[in-house]
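# Summary of the model geometry
Next come the chains, spelled out residue by residue.
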Amino acid sequence: MARVAVVGVGAIGGVLASLLETTGLHEITLCTRRAIEALVVKTPDGVVTVRAKNLTMPDQADAVDWVLVATKTYDAPGAGMWLRGLAKSGAAVAVVQNGVEHRERFAPYVTAERIVPVVIDCPVEREQNGTVVQRGKVTMKVEEGPLGGEFEELFRGSKVEIELVPDFKTAAWRKLCTNAAGAINALTMKPARVFHEEPVAQLALAMVAEVVAVGRAEGARLDESVGKQVVDMFRGQPKDSVNSLLADRIAGRRMETDARNGVIVRLGEKHGIATPLNRMAVAVLEAGNSQ
Ligand SMILES: NC(=O)c1ccc[n+]([C@@H]2O[C@H](COP(=O)([O-])OP(=O)(O)OC[C@H]3O[C@@H](n4cnc5c(N)ncnc54)[C@H](OP(=O)(O)O)[C@@H]3O)[C@@H](O)[C@H]2O)c1
């Protein structure tokens, strides 16, 4: 049994909480901005109702053994406020977010050795009434190491595929290649079918080539075939598939532009690598964000 707090109970936080619930082992605390009456998660294997304590103020938080952070990347400062109480006895903190800067985002709140970076794949959204709807399987890539092993253990007995990866940097950059090209959906306001248009596929290849160049400079092992793999992946999706960036743009919500494309521009500048296509994506999407 472990005391586990989930900070940020939206789509991904809901899925993580439901997986913990199905182990039947843990004492779960849901840390949210608004009170939750009941967390209901519709999974492909049935409906899970999460039995948990709910806190809405960081100063109510007591020490736990594990914190799973699942806010959007731009909400890291708010999530960090929870860590003062939750991690005061040295809890491990799994950062389950997109991007390649998991440790950097939480460096002001917790030491790097206590952070476990995680990338997750799961088609899921939270409905207006708070119900979380999970539409497919959950897979997570976690940095290999003692804490990675403990993280995997937390979910033993639940329906999740967890891969402990020795080279997490490469895994995160590989996912960033897909997420960066996904900006095209938000730019065109079109779902996956837009990648069947040849000029769009060529644009995606060029955007991913920028990510590969910057990622390699950062130490990720990415080969030239990644761009084609990304285009093939989008082309293999149902044509009406909507990624989270497009969903956020359609709904008028803030987008994770910086974590998906801005980071490529910022790190490109550090290494003297030009990233004009990702820069364009950031400029256009940020202009939309500021409306
Ligand atoms: N959804 C997916 O299919 C998917 C797939 C793979 C990866 N991801 C990544 O997973 C991460 C989470 O995404 P998501 O889709 O789960 O986002 P989401 O549905 O927007 O959930 C984020 C949650 O964090 C909460 N939050 C924000 N600041 C908080 C604070 N200070 N204290 C407590 N809660 C706070 C939000 O609360 P409010 O309800 O009050 O706004 C919201 O419920 C992102 O990095 C995303 O890119 C998502």
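So, how was this worked out
- Residues numbered from 1 in each chain as written.
- Predicted model: local features only at pLDDT ≥ 70, side-chain atom pairs only at ≥ 80, totals over all residues.
- Heavy atoms only, no water.
- Domains from an automatic or database assignment.
- Contact = heavy atoms within 4.5 Å.
- Buried area = accessible area lost by both parts, 1.4 Å probe.
- Salt bridge = Lys/Arg side-chain N within 4 Å of Asp/Glu carboxyl O.
- Polar contact = N/O pair within 3.5 Å; in protein donor to acceptor, adjacent residues only side chain to side chain.
- Helix = DSSP H or I, 4+ residues; strand = E, 2+ residues; numbered from the N terminus.
- Near = heavy atom within 4 Å.
- Areas by Shrake-Rupley, 256 points an atom, 1.4 Å probe, with all protein chains shown as cover.
- Buried < 20%, exposed > 50% of the residue type's maximum accessible area, 1.4 Å probe, protein only.
- Pairing = 2+ DSSP bridges.

## A few points about the domain arrangement of the chain
Reports often express the size of an interface as the amount of accessible area lost when the parts come together. Partitioning the chain into domains gives domain 1 (3-166) and domain 2 (169-289). Taking only C-alpha atoms, the centre of domain 1 and the centre of domain 2 are 25 Å apart. Counting residues at the interface gives 13 residues for domain 1, matched by 14 residues for domain 2. Around 1,200 Å² of area is buried between domain 1 and domain 2 when both sides are counted, 56% of it from carbon and sulfur atoms. When the buried surface of domain 1 facing domain 2 is broken down by residue, Tyr74, Asn98 and Val100 rank first, second and third, together holding 47% of it. There are three salt bridges connecting domain 1 and domain 2. Here Glu101 makes a salt bridge to Arg266, at a shortest N to O gap of 2.9 Å. Connecting domain 1 to domain 2 are seven residue pairs in polar contact (both at pLDDT 80 or more). Among the elements that line the side of domain 1 that touches domain 2, the one with the most residues is strand β8 (residues 115-121), at three residues.

## So, the site of the ligand
Surrounding the ligand, one finds 26 residues, the nearest of these being Ile12, Arg33, Asn98, Cys122 and Glu256. At a separation of 3.0 Å, an oxygen atom of the ligand approaches a polar backbone atom of Ala11. Protein burial of the ligand: of its 900 Å² of free accessible surface, 86% is covered by the chains. Of all the secondary structure elements, the ones that give two or more residues to the shell around the ligand are α1 (11-23), α2 (76-86) and β9 (124-126). Take the shell around the ligand: its biggest share by element is three residues, from α2.

## What about the pairing of strand β3 (residues 39-43)?
By the alternation rule, side chains of β3 split into Leu39, Val41 and Thr43, which are all buried, and Val40 and Lys42, of which none is buried. Here five bridges tie β3 to strand β4 (residues 46-50), and the two strands are oriented antiparallel to one another. Looking at the pairing, Leu39 lines up with Val50 of β4. Bridge count for β3 against strand β10 (residues 132-134) is two bridges, and the pairing is parallel.

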